[in-house]
Amino acid sequence: MSSLIINLYIKEKKVWKETEEKTESLMDMLMQLPAAIAIMRGPDHVFEMANEFYYDIVGKTDLIGIPGRQAIGETVSLGLWDIIDNVYHTGEPFVATEFPVFNGGHKNGSQELRYFKFSINPLYNNNHSVDGILIHAVDVTELVNTRNIIQESGEQFRFLANNIPQIVWKAN
């Protein structure tokens, strides 16, 4: 009987170690993604994890263990926390394709308008209740700026085409 208990204990310890290693590997992968990732827990949205790209967006260096509104309260005026609250309470994800954010993360203190495609997703516990939020954001600023340049060029071309005298020359 005691050898059975010992074997079960050894097996359980091995499973826990493997689970911890896989969790650590997953967290390492999330930290290296070329996208902003943050995980918050509880109704106060306490930061549990944020990668470097997320820190760059919000212009902060340490958020872990701090409630969201306290950590980055300057984003309240964007309506972001109302959206996060809604996702947390309803379990319905939120997706934005070109969300504008003034990024204050520059060392010289300047701000830059950047656009992000992002999603705010509920995280569920073992009881299938929402207990956290996952934020995933990709910087699409270059795409938005390029599209705007193309649109402006098209408008300029249409203006010129509509205002130049309609003379066609034929060369022989």
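Higher on the page you've got the structure.
Participant: Just to check I follow, could you spell out the environment of Ile-133 for this structure?
Facilitator: By the element assignment, Ile-133 lies in strand β5 (residues 130-139). Overall, Ile-133 belongs to the buried group, its relative accessible area being 0%. It is 8.1 Å that separates the C-alpha atoms of Ile-133 and Ala-38, two residues lying 95 residues apart in sequence.

Participant: What's the story with the nonpolar core in this structure? I'm lost.
Facilitator: Grouped together as the largest cluster of nonpolar side chains are 28 residues, with contacts concentrated most on Phe-47, Tyr-54, Leu-63, Ile-84, Ile-120, Ile-133 and Ile-135. Among the elements of the structure, β1 (36-41), β2 (46-50), α2 (52-58), α4 (80-90), β3 (94-103), β4 (112-124) and β5 are those that each provide at least two residues to this core. It is α4 that provides the largest number of residues to this core, a total of 6 residues. Those residues in contact with Ile-120 that lie beyond four places of it in its chain are Leu-80, Ile-83, Ile-84, Val-87, Pro-93, Phe-94, Ile-133, Leu-134 and Ile-135.

Participant: Is there a simple way to think about the pattern of salt bridges in this case?
Facilitator: A side chain of one charge can pair with a side chain of the opposite charge if their charged atoms are brought near each other. For the structure shown, the criterion picks out 6 salt bridges. Of the charged contacts in the structure, one is a salt bridge between Arg-41 and Asp-131, with a shortest N-O distance of 2.8 Å. In this pair, Arg-41 sits in strand β1 while Asp-131 sits in strand β5, placing the two residues 90 residues apart along the sequence. Arg-114 serves as the salt-bridge partner of Asp-139, at 2.9 Å between the closest nitrogen and oxygen. With Asp-139 in strand β5 and Arg-114 in strand β4, this residue pair connects regions lying 25 residues apart in the sequence. The partly exposed category is assigned to Asp-139, whose relative accessible area is 29%. Counted as one network, the salt bridges with shared partners bring together Arg-41, Glu-48 and Asp-131.

Participant: Just checking my understanding: could you explain the pairing of β1 for this structure?
Facilitator: Moving residue by residue along a regular strand, the side chains alternate between the two faces of the sheet. Along β1, 5 of the 6 residues are buried, which leaves the element largely enclosed by surrounding structure. In the sheet, β1 pairs with β5 via 6 bridges, with the strands oriented antiparallel. Among the inter-strand pairings, Arg-41 is bridged to a residue of β5, identified as Gly-132. With 4 bridges joining them, β1 and β2 adopt antiparallel strand pairing. Note on β2: the bridge partner recorded for Ala-38 is Ala-50.

Participant: I keep staring at the environment of His-136 and nothing clicks. Help me out?
Facilitator: With respect to the helices and strands, His-136 occurs in strand β5. Overall, His-136 belongs to the partly exposed group, its relative accessible area being 30%. Put simply, His-136 and Phe-118 are 18 residues apart on the chain and 5.5 Å apart in space, counted from C-alpha to C-alpha. Apart from residues lying up to four places away in sequence, His-136 is in contact with Ala-35, Ala-36, Ile-37, Lys-117, Phe-118 and Ser-119.

Definitions and cut-offs
- Residues numbered from 1 in each chain as written.
- Predicted model: local features only at pLDDT ≥ 70, side-chain atom pairs only at ≥ 80, totals over all residues.
- Heavy atoms only, no water.
- Helix = DSSP H or I, 4+ residues; strand = E, 2+ residues; numbered from the N terminus.
- Buried < 20%, exposed > 50% of the residue type's maximum accessible area, 1.4 Å probe, protein only.
- Core = buried A, V, L, I, M, F, W, Y, C linked by side-chain atoms within 4.5 Å.
- Contact = heavy atoms within 4.5 Å.
- Salt bridge = Lys/Arg side-chain N within 4 Å of Asp/Glu carboxyl O.
- Pairing = 2+ DSSP bridges.

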